[in-house]
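# Report on the structure
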Amino acid sequence: MAAAAALIAAALLAPSAMAASSTVVISQFALRGPTGGSDELVQIKNVSATAQDIGGWQIWGSSQTGSATSARATVPSGVSLPAGRSFLFTNVQTGGTGGSYSGTVPGDVAYTTGVSDNGGLQLRNASGAVIDAVGSTLLSGAGTAFREGAGLAIPTTNGNDAFLRKATADSDDNAADFTGPQAMAPESCGAQCAVAETCPSSGTVEISQIQTLGANSACDGKTVTVRGIVTGVDDLYGSSYDAIYKGDSGLWVQEATHDPASTTSEALFVAGIRRNAADPAGVIGSDITITGRIVTQFGLVELVPNGVGSVSSPAATEVNLTDVATVNSTGNPLPAPIDIDPAKAAAQDPATRPYYRSLQGMRVRLAEGIATGGGTTKFRDVYLRPGTQATRLFRKNSPAAITTPWSDAPDELGVAADGGAHNPADPRLPWRSDTELDMDLFDTARNVVGPLTYTFSFYEVMPQLGGPAPVIERGPINAAYPPSAPAQAPNTLRFASFNVENYFPAGKENDGHVITAQEYADRTDAIVKAIRGFLKEPDVIAVQEVAVFADGANALTGLAQALGDYTPYNAVNNDGRGIAPGFLIKNGVSASNPRLLGQTEQYNAHSEGTCDLAGGPLYDRAPFALDISKGDVRATVISNHFASQSHENACRIAEAEYQRQQAAAMVAAGKNVIVGGDLNDFEFSDSLGRLTQGGTLTNLWSKAPEGLAYSYKYQGHLQTLDHVLVSAGLVSRVTDMRYMHFDNDYYERNSADGTGISDHDPPLATFQLSGTGVDGDVHGTVPATLSLSLGGPANLGAFAPGVTSDYDATITATVTSTATNADLSVIDSSSNATGRLVNGAYALASPLQLQAGGAFAPIHADGTPLLLKSYADPVSNGVATVGVRQHVDSTEGLRTGSYSKTLTFTLSSTTP
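Residues numbered from 1 in each chain as written. Predicted model: local features only at pLDDT ≥ 70, side-chain atom pairs only at ≥ 80, totals over all residues. Heavy atoms only, no water.

## Quick notes on the overall build of the protein chain
The following threshold applies: Helix and strand labels come from DSSP, where a helix needs a run of H or I of at least four residues and a strand needs a run of E of at least two; each type is numbered from the N terminus. Type-normalised accessible area, obtained with a 1.4 Å probe on protein chains alone, sets the label of each residue: buried when under 20%, exposed when over 50%, and partly exposed for intermediate values. Residue contacts are defined here by distance: any two heavy atoms, one from each residue, within 4.5 Å place the two residues in contact. Here the open area of atoms and residues is found with the Shrake-Rupley method and a 1.4 Å probe, where only the protein chains shown may cover a residue. Working convention for charge: Lys and Arg count positive, Asp and Glu count negative, and His plus the chain ends are omitted. One atom stands in for each charge, and that atom is NZ of Lys, CZ of Arg, CG of Asp or CD of Glu.
Across its full length, the protein chain holds twelve helices and 53 strands. Once the C-alpha set of the protein chain is aligned to its principal axes, its extents read approximately 130 × 75 × 50 Å. The buried share of the protein chain, taken over its 912 residues, is 54%. In the protein chain, the proportion of contacts linking residues at least 24 apart, taken out of those at least 6 apart, comes to 72%. Carbon and sulfur atoms form 51% of the exposed surface of the protein chain, whose accessible area is close to 35200 Å². If the 55 positive side-chain charges of the protein chain are averaged to one point and the 89 negative ones to another, these points end up 3 Å apart.

Structure representation (structure tokens):
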């Protein structure tokens, strides 16, 4: 695709903020205005007494958590901001929803990627140092670097939502420095900040003057005319789960003659051009002159012809080339491809990748590259590193690598299949491309030629129909195909977790498409082949993303029937689309007590910080639990599908904490536990750390062969999202743990043999049973025991004559009982003033009162027992504190001496 349908921007480690600025500050901003969320401005001001060089300075925006940050706008080189003057950045949109800058003062620089209401802004100088920052009170994590102090309460509804600096002084406290929300009051620099290196205002513009090494083009928002050779087509619409983006397809245009001295690219993407269905590549080689508005969409510089509309909107339309361009000639030779220099690619800054940025859109050639991060993906692209070194690339445990996995491999390139996709009407349905590279891990491709696109923050070569055909050299993974688990040994239990990815029954809708009976049958057949051929039919399969509905439609039922020797278990869950976790249990394994865990739990009751699930269910796909047994292994198995990586970390941490608590309670009750599933987080993540906290559960990830523990790939880097964790009683039983790489290591075979049916590799764990599994008895006996001992006497102290008072003391009783119930009671067996303390011939007027955890009650005057405490279960060395109270009234006569009584305590049972 020429551009992503949703923003996944490169998140960088933010530079440290400087001290309060005395030169240039953010003086005004609005992240929303009267016309919508894109009605934005950012204004900076020179508060010093001298002009300031702000060439190359940038406005950066952050998401709430800091997981997505990028430069939104760049000041052109050479701009000098006069003392006391302001410079204005405006969000300019055409078409679509969300509005556009509504101020009447024209901006100095336009941008097209906005900032969310709960995000923040940084002003950075040309060296990348943070000069000033302002943002929301809701910023968290790395996002807090995009505010000063606690931040501001930024509105989330349309209106006069601008904030203005109160004074020129900068105190590094947003709340003290800004006032608002209020109406915009924009000021710009205008002609005083104009420089020679700006977007040409008339005539045919050289593409190199439009392109940039920064995040935005100087021509963004301006209409220009360019001329060049069509070097390729993007013949695939963009898509998300719920929309199609026709503006993501179009043409690549490049200057006919390459200028070796040019520091920026001489090519760009023309969005929304309709391709000829019979001959989409027929336009390649045409010399065209075309006019359109320049937009930098998610980092890709695009020319948008009139009539296409907003390329970021599903409402974008296609236009015919001849309606918006002049075709000067056809059949022209293409500019010679620029050879990718592996040394320059490897040495470039991993954050901005300026070498590849200088070639964006250009026709390039990768002489040779090896697949080091898995095989061809479900999106038909594959990721290569220049050269032939067969070393797997893994996502690293560092902030930069978690959000930008290419940070340790800046030379990595994708190969996109869009050029030969033949424009499927709905790219969310299965499709193939005539230009895709079907590669397995460690296969090598040579002579890969095509325009260098930029999509999902990644650079990819897009081979073209009729162009040079890459040559693929097969490697060791391909030679070892097909992958297969070893035969299951006798007296073992095998457990697998398998995310089968959006498996819907016939007649139900997935991503806007109603699944046909044939589609369901084909998908079912492929999953059956994977379970039988690759996994060798494990005893227990925890499944995820299987759709089940309240009307009884259930994809898992048909899968179990097709397998023939499995019983399905799942239930309608919280997910609005219908996908849910569950189990397939093989014949010979006993299963009982199927249930959902935490389906009604609310996130706010388990909060671990800021999470977009707050106010709703803790789980959008609640865990499914089942009690199973085979031989002498009995366990509660739990299938999970945690919140995806698009949610904040706190969401998954809260889900993990609830799961850990549930597992701990089960272990305390004497049960073994196996937790499996798509946990959507890495083995080094906070959520996995929370699951294993306290030692109740052990992650089996480390028991897999070193270097082979991965279940997912993302932009050419391997990672683990699927896990199996077990309680202590099962750790020693593990005889084998592995990940079955029939998805990530391989491209999808045309035979639908089970490869490529999911984007997850299943973990597979084997547990040893004892012997043949015949039950054996172990005996031990407990003698009938009722034992009671008492601590020292209860001393009520000295009674004060003429004073109304209660006098209290305690006696400690230690109880041991093997009976199923027992009673602790007390009696006064004396016939002398029964139930009252006596001093020779004198007795107190009020009866003695006792209690053991309940209310005080008087000793029975008739000599019958007073029940103090009941025990419903056996107890050993249970301690009961018996309270003793004596009431004395102020009018009661007291005799000198000691008042006392010997009481008899009894522990008894009717069912010893």
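Right, picking up where we left off after that structure.
## Things to note about the pattern of salt bridges
Operational definition: Here a salt bridge means any side-chain nitrogen of Lys or Arg lying within 4 Å of a carboxyl oxygen belonging to Asp or Glu.
Counting across every chain of the model gives 35 salt bridges. A salt bridge links Arg165 to Asp177, with the shortest nitrogen-to-oxygen separation between them at 3.5 Å. Linking Arg165 in strand β11 (residues 162–165) with Asp177 in helix α1 (residues 174–177), this pair joins segments that are twelve residues apart in sequence. Here Arg165 and Asp177 have matching classes, each one buried. Of the charged contacts, one joins Glu473 and Arg446 as a salt bridge, the two residues approaching to 2.7 Å between their closest N and O atoms.

## Side note on the nonpolar core
Quick note on the threshold: We define a nonpolar core as any set of buried Ala, Val, Leu, Ile, Met, Phe, Trp, Tyr and Cys residues linked to one another through side-chain atoms lying within 4.5 Å.
Ranked by internal contacts, the top residues of the largest apolar core, which has 58 residues, are Ile210, Val224 and Ile290. Counting residues per element, this core draws most heavily on strand β17 (residues 267–271), which supplies five residues. Core analysis: the second largest hydrophobic core is formed by 33 residues, Ala496, Val500, Leu535 and Ile541 among them.

## Brief notes about the packing of helix α8 (residues 517–534) against helix α9 (residues 555–563)
Geometry of a packed helix pair, given as the angle between the helix axes and the separation of the axes. This is how it is decided: The convention used is that axes are lines fitted to C-alpha atoms, helices contributing only their stretch in contact, and that angles between N-to-C directions extend from 0 to 180 degrees. Each angle gets one of four labels, with under 35 degrees taken as roughly parallel, over 145 as roughly antiparallel, 65 to 115 as roughly perpendicular, and the rest as oblique. It is the rotation of the near helix from the far one that decides the hand of a crossing: anticlockwise by less than a right angle makes it left-handed, clockwise makes it right-handed. Only Asp, Glu, Lys and Arg are considered charged, only Ala, Val, Leu, Ile, Met, Phe, Trp, Tyr, Cys and Pro nonpolar, and every remaining residue, Gly among them, polar.
Relative orientation of the contacting elements α8 and α9 amounts to 55°, with a least axis distance of 10 Å. One finds that α8 runs oblique with respect to α9. Here α8 runs over α9; the crossing is right-handed. Contacts between α8 and α9 pair Tyr520, Thr524, Ile527, Val528, Ile531 and Arg532 from the former with Ala555, Gly558, Leu559, Ala562 and Leu563 from the latter. A class-by-class count of the residues in the contact of α8 with α9 yields eight nonpolar, two polar and one charged.

## So, helix α10 (residues 649–668)
The test is simple: To estimate the expected span of a helix, subtract one from its residue number and multiply by 1.5 Å.
Its 20 residues place the ends of α10 28 Å apart at the C-alpha level, agreeing with the 28 Å of an ideal helix rising 1.5 Å per residue. Positive backbone phi, at 90°, marks Gly670, one or two positions downstream of α10.

## Re the confidence of the model for the protein chain
The predicted coordinates should not be examined in detail at positions where pLDDT is low. For the record, the criterion: The pLDDT value tells you how sure the predictor is about a given residue, anywhere from 0 up to 100.
When pLDDT is averaged along the protein chain, the result is 91, and 96% of the positions lie at 70 or above. Under a pLDDT of 50 for its full length, residues 1–17 has, in the predicted model, 69 contacts with residues more than four places off or in other chains.

## Observations concerning the pairing of strand β53 (residues 904–908)
Along a regular strand, successive side chains alternate from one face of the sheet to the other. Formally: Here, strands pair whenever DSSP counts at least two bridges between them.
Burial along β53 is one-sided: Phe905 and Leu907 are buried, while Thr904, Thr906 and Ser908, pointing the other way, are not. Bridge count between strand β46 (residues 822–827) and β53: five bridges; the pairing is antiparallel. Across the sheet, residue Val826 finds its bridge partner in β53, namely Phe905.

## Quick word on the packing of aromatic side chains
We apply this condition: Stacked, edge-to-face and tilted labels apply to pairs of Phe, Tyr and Trp rings (six-membered ring for Trp) whose centres lie within 6.5 Å, assigned for plane angles under 30 degrees, over 60, and everything in between, in that order. We call a charge positioned above a ring when the Lys NZ or Arg CZ atom is no farther than 6 Å from the ring centre and deviates by at most 35 degrees from the ring normal.
Using the criterion set out here, one finds 20 aromatic pairs in the structure. Note on Tyr481 and Tyr746: the rings are 5.3 Å apart at their centroids and 65° apart in plane angle, and the pair reads as edge-to-face. Here the residue Tyr481 occupies a position in the loop between α7 (476–479) and β28 (492–503), and Tyr746 occupies one in the loop between β42 (734–739) and β43 (763–768), the gap between them amounting to 265 residues. Taking the relative accessible area as the measure of exposure, Tyr746 reaches 5% and is therefore buried. One aromatic cluster in this structure is built from Tyr355, Tyr356, Tyr454 and Tyr459. Sitting above the plane of the Tyr241 ring, Arg577 keeps its charged end 5.6 Å from the centroid.

## Some points on the state of the cysteines
Rule in force here: In what follows, a disulfide is any cysteine sulfur pair within 2.5 Å.
Taken as a whole and judged by the stated rule, the model has three disulfides. One disulfide in the model links Cys611 with Cys651; its S-S distance is 2.0 Å. Around the S-S axis, the bridge from Cys611 to Cys651 shows a dihedral of about 110° and counts as right-handed. Note that Cys611 is positioned in the loop between β34 (590–596) and β35 (624–630) and Cys651 in helix α10, a separation of 40 residues in sequence. The exposure classification of Cys611 matches that of Cys651, with both residues buried. Among the cysteines of the protein chain that take part in disulfides, numbered as they appear in the sequence, the pairing is 1-2, 3-4, 5-6.

## Observations concerning the side chain of Gln58
Defined as follows: Pairs of N or O atoms are called polar contacts if they sit within 3.5 Å, as long as, within protein, a hydrogen donor faces a hydrogen acceptor (for residues adjacent in sequence, only side-chain-to-side-chain pairs).
Structurally, Gln58 is set in strand β4 (residues 58–62). Engagement of the side chain of Gln58 in a polar contact is seen with the side chain of Trp60, the distance being 2.8 Å. In this structure Gln58 touches Ala71, Ala73, Thr74, Gln122, Leu123, Arg124 and Ala215, once residues within four positions along its chain are discounted.

## A few points about the sheet that holds strand β9 (residues 120–124)
Pairing in this open sheet of four strands is antiparallel, and the strands run β5-β4-β9-β10 from one edge to the other. The sheet is open, and its two edges are formed by β5 (69–74) and β10 (130–135), each paired on a single side. Direction aside, the axes of adjacent strands within the sheet are offset by 25° on average. Pairing of β4 with β5 involves five bridges; the strand directions are antiparallel. Each bridged residue has a counterpart across the sheet, and for Trp60 the counterpart in β5 is Ala71.

## A closer look at α9
Among all positions of α9, only Ala555, Leu556, Gly558, Leu559, Ala560 and Leu563 are buried. Close packing links the buried residues of α9 with β28, α8, β31 (540–547), β32 (566–570) and β33 (579–586). Between the side-chain oxygen of the N-cap and the backbone nitrogen of Leu556 there are 3.0 Å, and the N-cap of α9 in question is Asn554. A positive backbone phi angle near 90° is found at Gly564, which sits one or two residues after α9.

## Concerning the environment of Val826
Along the chain, Val826 falls in strand β46. Considering only alpha carbons, one finds Val826 and Ile210, 616 residues apart in sequence, at a separation of 97 Å. Once residues lying within four places of it in the same chain are set aside, the contact partners of Val826 are Leu850, Ile859, Thr864, Pro865, Leu866, Leu868, Leu903, Thr904 and Phe905.

## Focus on the environment of Ala218
With respect to the element layout, Ala218 can be found in the loop between α2 (207–210) and β13 (223–234). Residue Ala218 is classed as partly exposed on the basis of its relative accessible area, which comes to 36%. On a C-alpha basis, the gap between Ala218 and Pro260 in space is 22 Å, while along the polypeptide they are 42 residues apart. Once residues lying within four places of it in the same chain are set aside, the contact partners of Ala218 are Cys199 and Ile210.

## What about the sheet that holds β46?
Spatially, the three strands line up as an open sheet ordered β51-β46-β53, and their pairing is antiparallel. Each edge of the sheet is formed by a strand with only one pairing partner; in this case those strands are β51 (866–871) and β53. Across the sheet, the mean angle separating the axes of adjacent strands is 20° when strand polarity is ignored. Sheet analysis places β46 next to β51, joined by five bridges and oriented antiparallel. In the sheet register, Val826 faces β51, and the bridge partner there is Leu866.

## Thoughts on unusual backbone geometry
In this model, Gly180 is joined to Pro181 through a cis peptide bond whose omega is 5°. In this structure, Pro181 sits in strand β12 (residues 178–182). Here the amide bond leading from Tyr481 into Pro482 is cis, since omega sits at 0°, within 30 degrees of zero. Among the secondary structure elements, Pro482 is positioned in the loop between α7 and β28. Located in the positive-phi region is Asn491, a residue other than glycine, with phi close to 55°. With respect to the helices and strands, Asn491 occurs in the loop between α7 and β28. Although it is not a glycine, Lys536 adopts a positive phi angle of roughly 60°. For Lys536, the location among the structural elements is in the loop between α8 and β31.

## As for the environment of Pro350
Positionally, Pro350 belongs in the loop between α4 (342–347) and α5 (354–357). By relative accessible area, which is 31% here, Pro350 ends up partly exposed. In the structure, Pro350 is positioned 416 residues away from Thr766 in sequence and 41 Å away in space, judged by C-alpha atoms. Other than its neighbours up to four places away in sequence, Pro350 contacts Trp406, Ser407 and Pro410.

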